[in-house]
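A closer look at the structure
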Amino acid sequence: MIQKDMVTVIITTYKRRINQIKKAIESVLHQTYKNVELIIVDDSPDDFIYRKEVKKFCESIIDKKVTYIQHEKNLGACMARNTGLYLSKGKYISFLDDDDEYLPTRIEEMLSLFNDDVVLVYCNANIIDLNNINKKRTYFDDGKQYRGNVYHKIMENNFVGSTSFGLIRTEVLMKLGGFDPKIEASQDWDIWIRLAEKGKFEYVSTSLVNYYIYSGDRITNDIKRRIRGLRYLNKKNYKYLCQHPAAMVNRKGYELRLNILNYDIRGAITCYGEIIKLQPYKVLKNISYLKSFGRLIIRKK
């Protein structure tokens, strides 16, 4: 592949020590596609005890393509990504969470699928549970991912996954204004929806990212935050969801499951009632939701 087009990679980091972010940084610098600039945006609060240590390490990296930016105070993941976006020089842009890593051919393989109509290429990933290292799986197991004009599908559910899984045409993301800083969670889903309005998606079935699961400080482990993020996203998409009940049911089903994880019986009852109103004749589907709700009741007892 002729490596004429620059790709910008943004690593956003929050309250991580050097040994935690080093793996992510090295995975970008060791890509087979070499025309890459790396922007590290440190969004840790000013009282984070390892803040100076991380800054010293990042600024010591001897590579002119690496830029380190430190926010004066914590501004949130979306603002951190936007900081990197507005400094980027690449024709394409990619994001990497500080606790994940790219596999060596990730950028090269994904870049090969772009044409004038494609705004996003996404990939499969290895899911590595640090609490059970022997349990290995991939993010997409069925191989039935969506390509082309996917707007209606992405409105139903986030089939793309994490921001670490996507490579985006920078110009399009810039015109969208980047990430919405008001959304606490489902930030990736929101940006995929807005991109899907502008062009086609492509997909690489190969696992090109290592995505780590663990207990600790990350959005996916904060259930209440995920619920608030989903509700905010639903408000943004309210007009569409009212016109497409199937999409609304999927969203409410997801919220019901989050309420179950949060042991919120009242929230789960509300979601289940809304699902019944939207699809009263889909008995088997409604029973499946009821079974999930029943398991919550049993656990509460």
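Now for a quick tour of the structure. (Residues numbered from 1 in each chain as written. Predicted model: local features only at pLDDT ≥ 70, side-chain atom pairs only at ≥ 80, totals over all residues. Heavy atoms only, no water.)

Along the backbone of the protein chain there are 12 helices and nine strands. For the protein chain, the proportion of its 301 residues judged to be buried stands at 50%. Look at the contacts in the protein chain between residues 6 or more apart in sequence, and 78% of them connect residues 24 or more apart. Summed over its atoms, the accessible surface of the protein chain is roughly 15500 Å², and 51% of this surface lies on carbon and sulfur atoms. (Helix = DSSP H or I, 4+ residues; strand = E, 2+ residues; numbered from the N terminus. Buried < 20%, exposed > 50% of the residue type's maximum accessible area, 1.4 Å probe, protein only. Contact = heavy atoms within 4.5 Å. Areas by Shrake-Rupley, 256 points an atom, 1.4 Å probe, with all protein chains shown as cover.)

What follows concerns the side chain of Thr13. Tracing the sequence through the fold places Thr13 in strand β1 (residues 7–13). What makes Thr13 buried here is its relative accessible area of 2%. If we ignore the near neighbours within four places in the chain, the residues touching Thr13 are Ile21, Ile40, Val41, Asp42, Asp43, Ser44 and Asp98.

So, about helix α1 (residues 18–29). If you check α1, its first and last C-alpha atoms are 16 Å apart, about what 12 residues at 1.5 Å a residue would give, namely 16 Å. Regarding α1, the residues found buried are Ile18, Ile21, Ala24, Ile25, Ser27 and Val28. (Expected span 1.5 Å × (residues − 1).)

Two elements in contact, helix α8 (residues 223–236) and helix α10 (residues 245–261), have axes whose closest approach is 9 Å; the angle formed by their N-to-C orientations is 160°. Classified by the angle between their axes, α8 and α10 sit roughly antiparallel to one another. With respect to the hand of their crossing, α8 and α10 are arranged in left-handed fashion. Residues Ile223, Arg226, Ile227, Leu230, Arg231, Leu233 and Asn234 of α8 form the contact with α10, whose participating residues are Arg251, Tyr254, Glu255, Leu258, Asn259 and Leu261. When its residues are assigned to classes, the contact of α8 with α10 shows seven nonpolar, two polar and four charged. (Axes fitted to C-alpha atoms, helices over the stretch in contact; angles between N-to-C directions. Parallel < 35°, antiparallel > 145°, perpendicular 65-115°, else oblique. Left-handed = near helix turned anticlockwise from the far one by under 90°. Nonpolar A, V, L, I, M, F, W, Y, C, P; charged D, E, K, R; others polar.)

Let us look at unusual backbone geometry. Of note in this structure, Ser186 is not a glycine but carries a positive phi near 60°. On the accessibility criterion, Ser186 (14% relative accessible area) is buried. Phi angles above zero are rare outside glycine, and Tyr263 is one such case at about 55°. In this structure, Tyr263 sits in the loop between α10 and α11 (265–278).

So far we have only geometry, and geometry alone does not tell us how the molecule works.
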